[in-house]
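# Summary of the model geometry
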Amino acid sequence: MVTAPEHIDVPVGFDVPDGWRAADPDDTGAAFVLVKDGDRTDFTPNVTIGVLRRDDDADIDTVAAESVRRLAASVLEVSVVDKQDVGNDRAPGIAQVVRLRTEDGVLVQSQVHLTIPLGDAPHDRLVVELACTCRPEQAQDVIPDFQLLVASFHIRQGEIP
């Protein structure tokens, strides 16, 4: 079972890189959205952070594949160009780079999927998706900021629901 993000009150913390600001998540399904200030191109780089509670037996590979399938429903073409395991056996994760072809051109999305075990139930966990989307020519400036944000991401101690 997957619980919708709006039903989860998770005390997360992360550092917002210089030059980024919060934006309204609107209908993105994300808990947080950040956009890069001052970018005057036809596409504003953005970071989304989503949190779901899952108690099914889907592994982290399945979770990452679900993300790609969701993207495929809204773009012309999607392909995973790089994928790496992160985390550990208790809290596995995946980092992947996805190429998106839209009607307006090509985008690159860097995704990090993390799991946070809850209690002793083997499948009860939070699944966090951090994603940074930009044009390929913006990646050199944007991805280092995203990496800093991911490295700073945490659940505030003693406050897991």
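Residue positions are counted from 1 within each chain, in the order its sequence is given. Per-residue local features of the predicted model are confined to residues with pLDDT of at least 70, and side-chain atom pairs are confined, for both listing and counting, to 80 or more; whole-chain, interface and lining totals are unaffected and use all residues. Heavy atoms throughout the structure, all of them, feed into the side-chain values; hydrogens and water do not.

### Some thoughts on the confidence of the model for the protein
- Along the chain, pLDDT gives the predictor's confidence residue by residue, from 0 to 100. Averaged over every residue, the pLDDT of the protein is 86; residues scoring 70 or more account for 88%.
- Low pLDDT, under 50, characterises residues 1–7; the stretch is placed with 14 contacts to residues that sit more than four places away or in other chains. The contact criterion used is simple: two residues touch if any of their non-hydrogen atoms lie within 4.5 Å.

### Considering helix α1 (residues 60–72)
- Every helix listed is a DSSP run of H or I at least four residues long, and every strand listed is a run of E at least two residues long, numbered separately from the N terminus. Under the convention used throughout, the expected extent of a helix is 1.5 Å for every residue step, that is, one less than its residue count. For α1, with 13 residues, the first-to-last C-alpha span of 19 Å sits near the 18 Å given by 1.5 Å per residue.
- Remark: exposure states derive from per-residue accessible area (1.4 Å probe, protein chains only) relative to the maximum for the residue type, with buried under 20%, exposed over 50%, and partly exposed in between. Within α1 the residues assigned to the buried category are Ile60, Val63, Ala64, Ser67, Val68 and Leu71. Relative to the axis of α1, the buried residues are bounded by an arc of 140° and lie together on one face.
- Those residues of α1 that are buried lie in contact with β5 (46–54), β6 (77–87), β7 (92–102), β8 (105–117) and β9 (125–134). Regarding the arc, it is the one traced by the directions from the helix axis to the C-beta atoms.

### Digging into helix α2 (residues 139–152)
- For α2, built from 14 residues, the straight-helix expectation of 20 Å at 1.5 Å per residue is met to within 8% by its first-to-last C-alpha distance of 20 Å.
- Buried residues of α2: Ala139, Val142, Ile143, Asp145, Phe146, Leu149 and Ser152, and no others.

### Quick look at the environment of Asp145
- Residue position: Asp145 is located in helix α2.
- Here Asp145 is in contact with Pro17, Asp18, Trp20 and Lys36, once residues within four sequence places are set aside.

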